[in-house]
Amino acid sequence: MANIKSAIKRAELNAKANEKNSAQKSAMRTAIKAFEANPSEELFRAASSSIDRAESKGLIHANKASRDKARLAAKLG
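Read on for an overview of the structure. (Residues numbered from 1 in each chain as written. Predicted model: local features only at pLDDT ≥ 70, side-chain atom pairs only at ≥ 80, totals over all residues. Heavy atoms only, no water.)

Quick notes on the overall build of the protein
Turning to step 1, where the next piece is worked out: Each helix and strand counted, the protein has three helices and zero strands in total.
Turning to step 2, where the next piece is worked out: Element order for the protein, N to C, with α for helix and β for strand: α-α-α.
Turning to step 3, where the next piece is worked out: Its C-alpha atoms give the protein a radius of gyration of 16 Å, clearly above 11 Å, the size a compact globule of 77 residues would have.
Turning to step 4, where the next piece is worked out: Summarising its shape, the C-alpha atoms of the protein cover approximately 55 × 20 × 15 Å along the three principal directions.
Turning to step 5, where the next piece is worked out: For the protein, with 77 residues in total, the buried portion stands at 21%.
Turning to step 6, where the next piece is worked out: Looking at the protein alone, contacts between residues at least 24 apart form 48% of all its contacts between residues at least 6 apart. (Helix = DSSP H or I, 4+ residues; strand = E, 2+ residues; numbered from the N terminus. Rg over C-alpha atoms; globule rule 2.2 N^0.38 Å. Buried < 20%, exposed > 50% of the residue type's maximum accessible area, 1.4 Å probe, protein only. Contact = heavy atoms within 4.5 Å.)

As C-alpha cells, this is what we get:
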C-alpha cells in the first residue's frame, strides 16, 4: 500500500474508476446479449447506445465499437 497521501488518494480513485468501468462494460455486454437473443429495433438502439457510451469513455477502441455495431446491424436485417 502507498505511504504518501497523494498516492493513497490516487489508488482510491483508480479503484473507483475500475469499478465504474467494469459496470459500464458489463452493461454493454448485457445489452448486446439481449439484442442477440431477440433482435429488435429497440434492443438494437439500446445496444448501439451502450457501445457508443463505452467508446466515449475510452473503454473500447473506436474501431471495435464500429465493428460491433456493424455486426449487430447485419443481424437486424
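Some thoughts on the nonpolar core
Turning to step 1, where the next piece is worked out: The biggest cluster of nonpolar side chains holds twelve residues, and these are M28, A31, I32, F35, F44, A47, I51, A54, L59, I60, A65 and L72.
Turning to step 2, where the next piece is worked out: The contact partners of L59, leaving out residues within four places of it in the chain, are N21, Q24, K25 and A54. (Core = buried A, V, L, I, M, F, W, Y, C linked by side-chain atoms within 4.5 Å.)

Considerations on the packing of helix α1 (residues 5–37) against helix α3 (residues 62–76)
Turning to step 1, where the next piece is worked out: Across the interface, α1 lies against α3 with an axial gap of 10 Å and an inter-helix angle of 20°. Taken together, the axis directions place α1 and α3 in an arrangement best described as roughly parallel. For the pair α1 and α3, the sense of crossing is left-handed. When α1 is examined against α3, the residues I32, F35 and E36 are found in contact with a partner set consisting of L72, K75 and L76.
Turning to step 2, where the next piece is worked out: For the contact of α1 with α3, the class distribution of residues is four nonpolar, no polar and two charged. (Axes fitted to C-alpha atoms, helices over the stretch in contact; angles between N-to-C directions. Parallel < 35°, antiparallel > 145°, perpendicular 65-115°, else oblique. Left-handed = near helix turned anticlockwise from the far one by under 90°. Nonpolar A, V, L, I, M, F, W, Y, C, P; charged D, E, K, R; others polar.)

With respect to the side chain of Q24
Turning to step 1, where the next piece is worked out: Tracing the sequence through the fold places Q24 in helix α1.
Turning to step 2, where the next piece is worked out: A relative accessible area of 14% places Q24 in the buried class.
Turning to step 3, where the next piece is worked out: In this structure Q24 touches S50, R53, A54 and L59, once residues within four positions along its chain are discounted.

Nothing here speaks to function; it is all geometry.
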